[in-house]
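The primary structure of each chain is shown beneath.
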Amino acid sequence: MARAPRAAGEPEAREPEARNPETQEPAVPDPEGHSPDGWPLGRLLGAASRAVERAWHDALEARGLTHAGLIVLHFVELGIRSQTDLARIAQVEAQTMSRTVDRLEREGLVTRAPDPADRRRHIVAMTPAGRAAFEAVRGLEDEVFPRVDDPEALRAALIQIVTASPARQSR
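Note that the coordinates shown come from a computational prediction; the quantities given were computed from them, not determined experimentally. (Residues numbered from 1 in each chain as written. Predicted model: local features only at pLDDT ≥ 70, side-chain atom pairs only at ≥ 80, totals over all residues. Heavy atoms only, no water.)

### Looking at the overall build of the chain
Our working rule: Runs of E in the DSSP output that reach at least two residues are strands. Runs of H or I that reach at least four are helices, and both are numbered from the N terminus. Buried, partly exposed and exposed residues are distinguished by accessible area as a fraction of the type maximum, computed with a 1.4 Å probe on protein chains only: under 20%, between the cut-offs, and over 50%, respectively. For this analysis, residues touch if any pair of their heavy atoms sits within 4.5 Å. For the accessible areas, the method is Shrake-Rupley and the probe is 1.4 Å, while residue cover comes only from the protein chains on display.
The helix and strand inventory of the chain stands at seven helices and two strands. Taking all 171 residues of the chain together, 20% fall into the buried category. Pairs at least 24 residues apart make up 47% of the contacts formed inside the chain by residues separated by at least 6 positions. When the accessible surface of the chain is split by element, carbon and sulfur atoms take 54% of a total near 13,200 Å².

This is the structure:
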């Protein structure tokens, strides 16, 4: 079907812009058909990390926890009590750990007290509410993370990547 000629000054008719059906943002053309199976490994790891992190953050938030708070609860359950040791093992600055423990303490999930043997140290302990919060997220990974064909191989590869990376140094 032929179009009628445009009148002087009339804009040229354009096709409606293609949109991503999920986000309604303009679709990005992919002339070469780049799909994740053609991405470099770094891009795949970054994209997978962001996707899992978003889902994990949302699931924890719905249960009243943060990722940092969960790490503290996990380490305390393992028997690490010193706030300094928690920061070192979690590979975060002492101030960062202090803020995380502050929040957990305000929420009634942990207590913090001076170490009777060394009053410069603070000892962190889980409260019954903290234990309940920690137990409530046990098994959450199975709900949140996508299934993979060989979870043990994925776990082994991730451990290999993490342990091969240099630890973050405290300043």
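### Focus on the layout of surface pockets
Keep this limit in mind: Definitions used throughout: a 1 Å grid over protein atoms alone; a cavity as a set of points that fits a 1.4 Å probe which cannot get out; a pocket as an open set with protein on both sides within 12 Å along at least five of seven lines; a lining residue as one with an atom within 4 Å of a point. Grid points are joined across faces, edges and corners, and a volume is the space filled by probe spheres set on the points. The nonpolar class holds Ala, Val, Leu, Ile, Met, Phe, Trp, Tyr, Cys and Pro. Asp, Glu, Lys and Arg form the charged class, and all remaining residues, Gly among them, are polar.
Its boundaries defined by the atoms lining it, the largest pocket holds a volume of some 2,500 Å³. Around the largest pocket sit 47 residues that line it, and V52, E141, F145, R155 and L158 are the ones nearest its centre. At 12 residues, helix α1 (residues 41–62) tops the list of elements feeding residues into the lining of the largest pocket. Split by residue class, the lining of the largest pocket holds 30 nonpolar, nine polar and eight charged.

### Some words on α1
Since the α-helix turns once every 3.6 residues, residues separated by three or four places project in the same direction. Quick reminder of the rule: Take the number of residues in a helix, subtract one, and multiply by 1.5 Å to get its expected span. The arc under discussion is defined with respect to the helix axis, by the directions toward the C-beta atoms.
The end-to-end C-alpha distance of α1 is 32 Å, a good match for the 32 Å that 22 residues give at a rise of 1.5 Å each. Three or more residues of α1 are buried, namely G46, W56, A59 and L60. Looking straight down α1, one finds its buried side chains confined to an arc of 165°; they lie on one side. Structural note: α1 exposes R54, E61 and A62 on the side pointing more than 90 degrees away from its buried face. Where α1 is buried, its residues contact α2 (67–77) and α6 (140–144). Phi turns positive one or two residues past the end of α1, at G64, with a value near 80°.

### So, the nonpolar core
Rules: Definition of nonpolar core: a set of buried residues of the types Ala, Val, Leu, Ile, Met, Phe, Trp, Tyr and Cys, connected through side-chain atoms within 4.5 Å.
Counting residues in each nonpolar core, the largest one holds 24 residues, and the members touching the most others are L60, L65, L70, V72, L86 and L140. Dropping the residues within four chain positions of it, L70 is found in contact with W56, L60, L65, F134 and V137.

### Let's talk about the packing of α2 against helix α3 (residues 83–90)
The condition that has to hold: To get an axis, a line is fitted to the C-alpha atoms, and for a helix only the part in contact is used. The angle between two axes follows their N-to-C directions and goes from 0 to 180 degrees. In these notes the angle categories are as follows: under 35 degrees is roughly parallel, over 145 is roughly antiparallel, 65 to 115 is roughly perpendicular, and the rest is oblique. In this scheme the crossing of two helices becomes right-handed for a clockwise turn of the near helix relative to the far one and left-handed for an anticlockwise turn of less than a right angle.
Their axes nearest at 11 Å, the elements α2 and α3 cross at an angle of 115°. Considering the angle they form, α2 stands roughly perpendicular to α3. When the axes of α2 and α3 are compared, the crossing they make is right-handed. Where α2 approaches α3, its residues I71, V72, F75 and V76 are matched on the opposing element by L86, I89 and A90. Class assignment of the residues belonging to the contact of α2 with α3 gives a composition of seven nonpolar, no polar and no charged.

### Details of the packing of aromatic side chains
As a reminder of what qualifies: Within 6.5 Å between ring centres, the rings of Phe, Tyr and Trp (the latter by its six-membered ring) count as paired, and their orientation is classed by plane angle as stacked under 30 degrees, edge-to-face over 60, tilted in between. Over a ring means this: the NZ of a Lys or the CZ of an Arg is within 6 Å of the ring centre and within 35 degrees of the ring normal.
With the rule as written, the count across this model stands at one aromatic pair. Taking the ring centre of W39 as reference, the NZ or CZ of R43 above it sits at 3.8 Å.

### Things to note about a nonpolar patch on the surface
Heads up, the condition is: A residue counts toward a patch only above 30% relative accessible area and without a salt bridge, and it is joined to like-charged neighbours within 9 Å or, for Val, Leu, Ile, Met, Phe, Trp and Tyr, to nonpolar neighbours within 5 Å. We define a salt bridge as a contact between a side-chain nitrogen of Lys or Arg and a carboxyl oxygen of Asp or Glu at a distance within 4 Å.
Taken together, the side chains of L41, L44, L45, V148, L154, L158 and I161 define a hydrophobic patch exposed on the protein surface, amounting to about 580 Å² of accessible area. For the nonpolar patch, the secondary-structure elements that each account for two or more residues are α1 and α7 (151–164). In this fold, L45 is placed in helix α1.

### A short note on the side chain of R112
Formally: Pairing of N or O atoms within 3.5 Å defines a polar contact, subject to two protein rules: one partner must be a possible hydrogen donor and the other a possible acceptor, and residues neighboring in sequence count only if both atoms are side-chain atoms.
Looking at the element boundaries, R112 is found in strand β1 (residues 110–115). In this structure the side chain of R112 is engaged in a polar contact, spanning 2.9 Å, whose partner is the side chain of E105. Discounting residues that sit within four places of it in the chain, R112 has contacts with Q83, S98, V101, D102, E105, H122 and I123.

### Quick notes on unusual backbone geometry
Unlike most non-glycine residues, Q91 shows phi in positive territory, near 60°. Mapped onto the fold, Q91 is located in the loop between α3 and α4 (94–106).

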